[in-house]
Amino acid sequence: MDRRKLEEAIFKGLMFCSIFLVVGSLLTIIGVVLIKGLPALSIQMLTQIPQGGYYLGKEGGILNAIVGSLYLAGGATALAFVISLPVALYIEEYAGRSKLADFARLSLDVLWSVPSIVFGAFGFAIMTFLGMRASLLGGIVTVALLILPIMVRAMDEVVRMISFELKESSYALGATKFETVVKVVVRQALPGILTAVLLAFGRGIGDAASVLFTAGYTDRIPSSLFDPVATLPLAILFQLGTPFPEVQNRAYASAVVLTVIILTLSIVSRLLTKKLTKYVVR
Amino acid sequence: MNRKLTELIASKLMLIVTVFSVSLVFIIAFALFQRGSRVLMQVSLYDLLFSSAWYPTRGEFGFYPFIMGTLWVTALAMVIAIPICLLSSIYLAEYAPSKVRGIIKPLVDLLAGIPSVVYGLWGVLVLVPFIRNYLAPLVGAKTNGYCILAGGIVLAIMVFPIIISVSEEVFRTVSNELREVSFAVGATKWQTVKHVVMRKAFPGFIAAVILGFSRAFGETMAVLMVVGNVPQVPSSIFDQGYPLPALIANSYGEMMSIPLVDSALMLAALILILVVFLFSVAARIVLLRIERRAM
């Protein structure tokens, strides 16, 4: 009798330790980045592009990477959205419970597991085939492919939750399938769709391996789709790679910027979901 | 009539976009094969996989040290992550009051959203000095801190959220009747978890682990930053290593200048996607079965 209770107690203790480790590692990661990065963060960092000798510790900031990342992730999210929404709707509403739908989900899940460096290599292969140089456009397309499965699967989950009765009422009024999908399903799924978009944007802005070959790097803010573009993750990587402590400090500050963007996205998407789901018919 | 036409066009367009997205993974594999096959004509597959000679300028492309580097880092990450994730997800699914779960689950999700570069930065700032100054002297190993162990720990933390969220879902699909039957014959909560819930949820947990594995296998940036990037076959966790994804990422400059390097690297990417493909298809099929049974 006692042994059973003892075993229960031991394993409960181990469970607490595990959870503590998981949550603790999250908190130390965010904590360390903030502690190291905040002192190095300045207005100049956020509002200037690198000046001459920036990577030796001279004047300048990482505005090029901040704006570049926003352009890149924004463009990729928009492109992925245009593809994802029809795919999610088709899988759920048109393909239904068919073999095609199962196969589509499986294939997208596999795509979700594909490492981002492979997307980078693929993007690079396509771009050299087309004779393109590393550019904002190349980065946008590559990152869009990377976040496509995340977005589709997240949308798929919400579209699936929409009640059958609601769609039936729409059909009863004589609406076609497409009209029902656009006017009822999409409207009902809107909060979930928004969350999916924010999730994908967060993934897109944080990924480094896929843009390494495809987006290039530059100290300027791109003025066209065919210019190379700097991104925050690569800015962190390159600044960390220099032997100068002042520049390494800027890598920590850049990491703060990136982390704050990610945290904000995650909090906003949570709040939005709560706020918008108030109006959804159950 | 106009509405019918819209319907027809819209549904066909959606079908086309869907077919494109679904075949994307095959398109990627095919494109990589196309580009990678050039090196296969010059170097035998056996040499590519099992030779340790990586001298691109001499046309020798041996992936063996890089494959071993990947396997060491990934295996170590799984050894660390499996027990922690198992216990955490059991706690979340079986023990935690719903309030506690409501706090911890968003935090775990947050962990999934942190960019890999930030994980790598944390590894460089915390893990590497810790291993160099404390852990390695403690066991009598010599290392500058950039080693397989650092890569393994960073990777383990990165796969926590994947394994925990999937396996917690799996534990929750186990029906309550089963638990009640076990309680009714006098089992404690832990005995119920161990003999009933775990047995029922075991395939699903394995699937979660495989998903974590395939994420860890291809992770590039975070590992690249802490693992040392020395092309050698590691013999201990304090050795430096050079995983395959890191090789691809670091060889960008050479890709343009030395012939066949781009082809060899595309082949390396093809190896990554094939391994990930096999593992994740297996995991997803197991999970799909569980989902079906639960419905």
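Residues numbered from 1 in each chain as written. Chains lettered and ligands numbered in written order. Predicted model: local features only at pLDDT ≥ 70, side-chain atom pairs only at ≥ 80, totals over all residues.

Concerning the overall build of chain A
Thinking step 1. Secondary structure assignment for chain A yields 11 helices and 0 strands.
Thinking step 2. Counting only C-alpha atoms, chain A reaches 70 × 70 × 35 Å along its principal axes.
Thinking step 3. Partitioning the contacts of chain A with sequence separation of at least 6, the portion at a separation of at least 24 is 75%. (Helix = DSSP H or I, 4+ residues; strand = E, 2+ residues; numbered from the N terminus. Contact = placed C-beta atoms within 7 Å.)

Some remarks on the interface of chain A and chain B
Thinking step 1. Taken together, the contact between chain A and chain B spans 65 residues of the former and 69 residues of the latter.
Thinking step 2. When residues of the side of chain A that touches chain B are assigned to their parent elements, the largest contribution, 18 residues, is made by helix α1 (residues 2-37) of chain A.
Thinking step 3. Looking at the side of chain A that touches chain B residue by residue, the class counts come to 47 nonpolar, 11 polar and 7 charged. (Nonpolar A, V, L, I, M, F, W, Y, C, P; charged D, E, K, R; others polar.)

Quick notes on the domain arrangement of chain A
Residue and element names in this part refer to chain A.
Thinking step 1. Each assigned domain of chain A is listed with its residue range as follows: domain 1 (2-40) and domain 2 (44-279).
Thinking step 2. Taking only C-alpha atoms, the centre of domain 1 and the centre of domain 2 are 30 Å apart.
Thinking step 3. Taken residue by residue, the interface counts 7 residues in domain 1 and 7 residues in domain 2.
Thinking step 4. Of the residues that constitute the side of domain 1 that touches domain 2, the class distribution is 5 nonpolar, 1 polar and 1 charged. (Domains from an automatic or database assignment.)

A look at the packing of α1 of chain A against helix α4 (residues 98-113) of chain B
Thinking step 1. Their axes nearest at 9 Å, the elements α1 of chain A and α4 of chain B cross at an angle of 55 degrees. Of the possible angle classes, the one that applies to α1 of chain A and α4 of chain B is oblique. α4 of chain B is crossed by α1 of chain A, and the crossing has left-handed handedness. In this structure, α1 of chain A contributes I19, V22, V23 and L26 of chain A to the contact, and α4 of chain B contributes I104, L107, V108, L110 and L111 of chain B.
Thinking step 2. Residue composition of the contact of α1 of chain A with α4 of chain B, grouped by class: 9 nonpolar, no polar and no charged. (Axes fitted to C-alpha atoms, helices over the stretch in contact; angles between N-to-C directions. Parallel < 35°, antiparallel > 145°, perpendicular 65-115°, else oblique. Left-handed = near helix turned anticlockwise from the far one by under 90°.)

Considerations on the environment of P203 of chain B
All names here are of chain B.
Thinking step 1. Among the secondary structure elements, P203 is positioned in helix α8 (residues 189-218).
Thinking step 2. Given 15 C-beta atoms within 10 Å, P203 falls into the partly exposed group.
Thinking step 3. In the structure, P203 is positioned 33 residues away from V170 in sequence and 9.1 Å away in space, judged by C-alpha atoms.
Thinking step 4. Beyond its immediate stretch of four places on either side in the chain, P203 contacts V286 and I290. (Buried ≥ 20, exposed ≤ 12 C-beta atoms within 10 Å, placed from the backbone.)

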